[in-house]
Amino acid sequence: MSRKGKVLVAMSGGIDSTVTALMLNDEGYEVVGITMKTWDYASAGPGKKETGCCNLDSFNDARMAAVQHGFPHFVLDIREEFGDFVIENFVDEYMAGRTPNPCVLCNTHIKWRALLKRADVLDCEYIATGHYGNIRRLDNGRYTVARGVDETKDQSYVLWGLQQDLLNRTLLPLGPYRKTEIRQMALDYGYPELAKKSESYEICFVPDNDYRGFLKRRVDGLEERVAGGNFVDKEGRKGYPFYTIGQRKGLDITFGKPVYVTAIQPDTNTVVLGDEEDLDQHEMVVGKINLMKYDTITPGMESMTKIRYKDKGTLSNLYPEGNTVRVRFYEKAKSIAPGQSAVFYEGDEVIGGGIIQKGY
């Protein structure tokens, strides 16, 4: 038996998850490595390279690290679970004129649940990942995610959907460290190539970043279905699923000044254009709420609210309305995109989050 317990570590083969596993192993945990195959890249189209979690080399890198450090490693095929939920949602959201965040859905509904299920089978008390964040148990008995020390790498935004039964068994060892420190650890462990390995920021099933091409391959006759759409007062060329709120480039239309996508109307296949100030909004409605720090939101609760991953946040008040939360910003927030995540912070701790329904 280990001194600290048995932990199932999600290992992608990248630097963060590999160092996570080796750190926990050194700290006295009984580590079991697991690599999840989420996507069959042959389905994405010809002539593309596999990347990220779907790369055979990454599988081998994860297994090799486990073998060298004396702990077991498994490959878990969750392609069916992943495809049915994450990819179908990704397509459906774009077809509804919204901008999805598949990584949040994958974390919330697929990866963590799949990990916990296998942890139970393997008698692991804990699960661990290489995300940059900190899990805290609060005086009220609840668990929350707090920002990682490295502000440039903090991933608390994409973890808002984790429920209490997941948080109380999750370890995030990288939260107290900066990325430069993790790279040095990889060198110290004897993995110089891993320490230099570039990071992938693409969606795993759209590694070429061409989500429009992905949609065309997934939806039969898509271009024909959305052909003839309109910009406001102008005839469009591509159709509404190929645009996102706040987009300025690639509009294929000129006005002699910068214009931005300010709204998408799927019912009429219309893309609304406007000036940059037209992107400013004072309120939004957020649904599919998951609360962390508290079990309820009191009317008027103050929050620093982030509406996208790289957003610094905007001070706001929260007002619960049935199954939704109305967010009123102290200052205007720019480019509120339905389908994206809104995450509410108190200090560096996550109050909760949800999916943006609409902005005003």
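For the structure itself, look to the data block above.
The numbering scheme is per chain: residues are counted from 1 as the chain's sequence reads. The predicted origin of the model limits local features to residues at a pLDDT of at least 70 and limits the giving and counting of side-chain atom pairs to 80 or more, whereas totals for whole chains, interfaces and linings rest on all residues. With hydrogens and water excluded, all non-hydrogen atoms of the structure serve as input to the side-chain values.

A.B. asks: Would you take a moment to explain the layout of surface pockets for this structure?
C.D. replies: Gaps left between atoms are located by rolling a probe of water-molecule size over the structure's atoms. What the second largest pocket holds in volume is close to 410 Å³. Taken together, 23 residues line the second largest pocket, and the ones lying closest to its centre are Leu-105, His-109, Trp-160, Lys-288 and Ile-355. For the lining of the second largest pocket, the secondary-structure elements that each account for two or more residues are α3 (79–95), α4 (102–121), β12 (280–291) and β17 (349–359). With 5 residues, α4 is the largest single contributor of residues to the lining of the second largest pocket. Across the lining of the second largest pocket, the residue classes tally to 9 nonpolar, 10 polar and 4 charged. Points on a 1 Å grid over protein atoms alone make up a cavity when a 1.4 Å probe fits among them but cannot get out, and a pocket when they form an open set with protein on both sides within 12 Å along at least five of seven lines; lining residues each have an atom within 4 Å of a point. Grid points are joined across faces, edges and corners, and a volume is the space filled by probe spheres set on the points. Each helix is a run of DSSP H or I of at least 4 residues and each strand a run of E of at least 2, with the numbering of both proceeding from the N terminus. Amino acids are sorted into nonpolar (Ala, Val, Leu, Ile, Met, Phe, Trp, Tyr, Cys and Pro), charged (Asp, Glu, Lys and Arg) and polar (every other residue, Gly among them).

A.B. asks: I tried to follow the sheet that holds strand β2 (residues 30–37) on my own but got confused; where do I start?
C.D. replies: Sheet strands associate in pairs through backbone hydrogen bonding, adopting either a parallel or an antiparallel arrangement. One requirement defines pairing of two strands: DSSP has to find at least two bridges between them. An order of β3-β2-β1-β4-β7 is seen for the 5 strands of this open sheet, with the pairing classed as parallel. On the outer flanks of this sheet lie β3 (73–77) and β7 (170–171), each paired with one strand and no other. Direction of pairing for strand β1 (residues 6–10) relative to strand β4 (residues 126–128): parallel, over a ladder of 3 bridges. Counterpart to Leu-8 in the pairing with β4 is Ile-127.

A.B. asks: Explain the environment of Ile-351 to me, please; I cannot follow it from the model alone.
C.D. replies: Note on placement: Ile-351 falls in strand β17. Categorising residues by exposure relies on relative accessible area from a 1.4 Å probe, with only protein chains included: less than 20% of the type maximum marks a residue as buried, more than 50% marks it as exposed, and the intermediate range marks it as partly exposed. With relative accessibility at 0%, the residue Ile-351 sits in the buried group. Residues Ile-351 and Ile-297 lie 54 residues apart in sequence; the distance between their C-alpha atoms is 8.6 Å. When checking whether two residues touch, look at their non-hydrogen atoms; a contact exists if any pair is within 4.5 Å. Residues within four places of Ile-351 in sequence aside, it is in contact with Leu-291, Met-292, Lys-293, Tyr-294, Met-301, Glu-302, Ser-303, Phe-344, Tyr-345 and Glu-346.

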